[in-house]
Amino acid sequence: MTNKFDNKVVVVTGGTSGIGLATTKAFAAEGASVFITGRRQEALDAAVKQIGGRVTGVRGDMSRLADIDRLYDAIQQKHSQIDVVFANAGGGEMAPLGTITEEHYQSIFDTNVKGVLFTVQKALPLLKDGASVILTGSTTSISGTPAFSVYSATKAAVRNFARNWILDLKDRRIRVNAISPGVTDTAGLDELFGGGEQAQGTKDYLASLIPAGRVGQPEETAKAVLFLASDEASFVNGVELFVDGGQAQI
Ligand SMILES: NC(=O)c1ccc[n+]([C@@H]2O[C@H](COP(=O)([O-])OP(=O)(O)OC[C@H]3O[C@@H](n4cnc5c(N)ncnc54)[C@H](OP(=O)(O)O)[C@@H]3O)[C@@H](O)[C@H]2O)c1
């Protein structure tokens, strides 16, 4: 521990599980005050208890603008500025073209695209000049997966937000980068793959396709997020950083 994020205020949406939880732990271990969100109060309470330190849970659905407002109101009551926003809340479901419903489209786009957009836009009044914004993309932003087109399209949109927002935020020296995990062992992934042995079988198969020979751990993505959030990445702007064992490069 180096206390690299001492006195920094960090927002992690979707901080109760998987990549968001691992990243919250890593920021908290480096001294940051972290505000996390999630829709389930129980999961939020459990995460706050597990991490300890300066972690505050604010229940909210990031696809709802009023909930995002509540998040920033809660932060403003304690802090005058935000140093880092990790817009990470997201998820998806499988549906091949031909079976896609309006509800499928709306639920995934609302969380993954609308949620990310307004999480960042509504942070702007509190964001410090020179702050770092990190958006969670996915290797699916640049590749095809059967039955996963809607989710993949949201992640391509997220990746392009980063390209454009570095121009909109240029005068404030706010850096915006996308982090794109490959197959990463989380509760969300297990649920997507049907849980239990079925999920394990799918993960084992996918691991055999990854140059690193295994799936990733959420802590590995967390380390890359902390790099992008830190001064060590002071000239890294608008990139998509893949944390995927090489999968997106082959
Ligand atoms: N795992 C992978 O293989 C993988 C690969 C590439 C990209 N990703 C991306 O990484 C991010 C995190 O995924 P994960 O695998 O860590 O998933 P996870 O274990 O399911 O965690 C998702 C987190 O986001 C929260 N969340 C979901 N929808 C939300 C919403 N509308 N509003 C607020 N919070 C919400 C969840 O809490 P609640 O359910 O309580 O709301 C939870 O805290 C997602 O954006 C995902 O698309 C994951």
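Along each chain, numbering runs from 1 in the same order as the chain's sequence is written. For this predicted model, a pLDDT threshold of at least 70 governs which residues receive local features, and a threshold of 80 or more governs which side-chain atom pairs are given and counted, while totals over whole chains, interfaces and linings are taken from all residues. As a rule here, side-chain values cover all heavy atoms of the structure and leave hydrogens and water aside.

**Structural notes on the overall build of the protein**
Secondary structure is summarised from DSSP: a helix means a run of H or I of at least four residues, a strand means a run of E of at least two, and numbering begins at the N terminus for each. The secondary structure content of the protein amounts to 8 helices and 7 strands. All radius of gyration figures rest on C-alpha atoms, and the globule criterion is 2.2 Å times the number of residues raised to 0.38. Over its C-alpha atoms the protein spans a radius of gyration of 17 Å, differing by no more than 12% from the 18 Å that the globule rule assigns to 250 residues. Dimensions of the protein, computed from the C-alpha atoms along their principal axes, are close to 45 × 40 × 40 Å. Of all 250 residues assigned to the protein, the portion counted as buried reaches 50%. Contacts are assigned to residue pairs with any non-hydrogen atoms lying within 4.5 Å of each other. Intrachain contacts of the protein at a sequence separation of at least 6 include 70% that bridge at least 24 residues. Where accessible areas are quoted, they stem from the Shrake-Rupley method and a 1.4 Å probe; at the residue level, only the protein chains shown are allowed to cover. Of the roughly 12,000 Å² that the protein leaves accessible, carbon and sulfur atoms contribute 50%. We score Asp and Glu as negative and Lys and Arg as positive, and we do not count His or the chain ends. In plain terms, the charge of a residue is placed at NZ if it is Lys, CZ if Arg, CG if Asp and CD if Glu. Considering the protein, the positive charge centre built from 24 side chains and the negative charge centre built from 27 side chains are found 5 Å apart. Partly exposed describes any residue whose relative accessible area lies between the buried limit of under 20% and the exposed limit of over 50%, with all areas from a 1.4 Å probe on protein chains only and scaled to the type maximum.

**Description of the packing of aromatic side chains**
When we look at a pair of aromatic rings, we describe it by the centre distance and by the angle of the planes. Any pair of Phe, Tyr and Trp rings, taking the six-membered ring for Trp, is counted once the centres come within 6.5 Å. Such a pair is stacked with planes under 30 degrees apart, edge-to-face with planes over 60 apart, and tilted for the rest. The final tally for this structure, using the stated rule, is 4 aromatic pairs. With centroids separated by 5.0 Å and ring planes inclined at 85°, the aromatic side chains of F5 and F27 adopt a geometry described as edge-to-face. Of this pair, F5 sits in the segment before strand 1 (9-12) while F27 sits in helix 1 (residues 18-29), placing them 22 residues apart in sequence. Residue F5 shares its accessibility class with F27, and that shared class is buried.

**Observations concerning the side chain of T119**
By the element assignment, T119 lies in helix 4 (residues 102-121). T119 gets classed as buried once you look at its relative accessible area, which sits at 2%. One polar contact links the side chain of T119 to the main-chain carbonyl oxygen of G115, over a distance of 2.6 Å. Excluding anything up to four places from it in sequence, T119 contacts T13, M62, I68, Y72, V85 and A87. Polar contacts, as counted here, are pairs of nitrogen or oxygen atoms within 3.5 Å of one another; within protein the pair requires one atom able to donate a hydrogen and one able to accept it, and residues that are adjacent in sequence qualify only if both atoms are side-chain atoms.

**Points about the site of the ligand**
The criterion for a residue being near a molecule or strand is simple. One of its heavy atoms has to lie within 4 Å of it. With respect to spatial proximity, 30 residues lie near the ligand, and among them T16, S17, R39, Y151 and T186 are the closest. N88 places a polar main-chain atom, nitrogen or oxygen, 2.8 Å from an oxygen atom of the ligand. Between the ligand and the protein, one listed contact pairs a nitrogen atom with a side-chain N or O atom of T111 at 3.1 Å. Protein coverage of the free-state accessible area of the ligand, which is 890 Å², stands at 92%.

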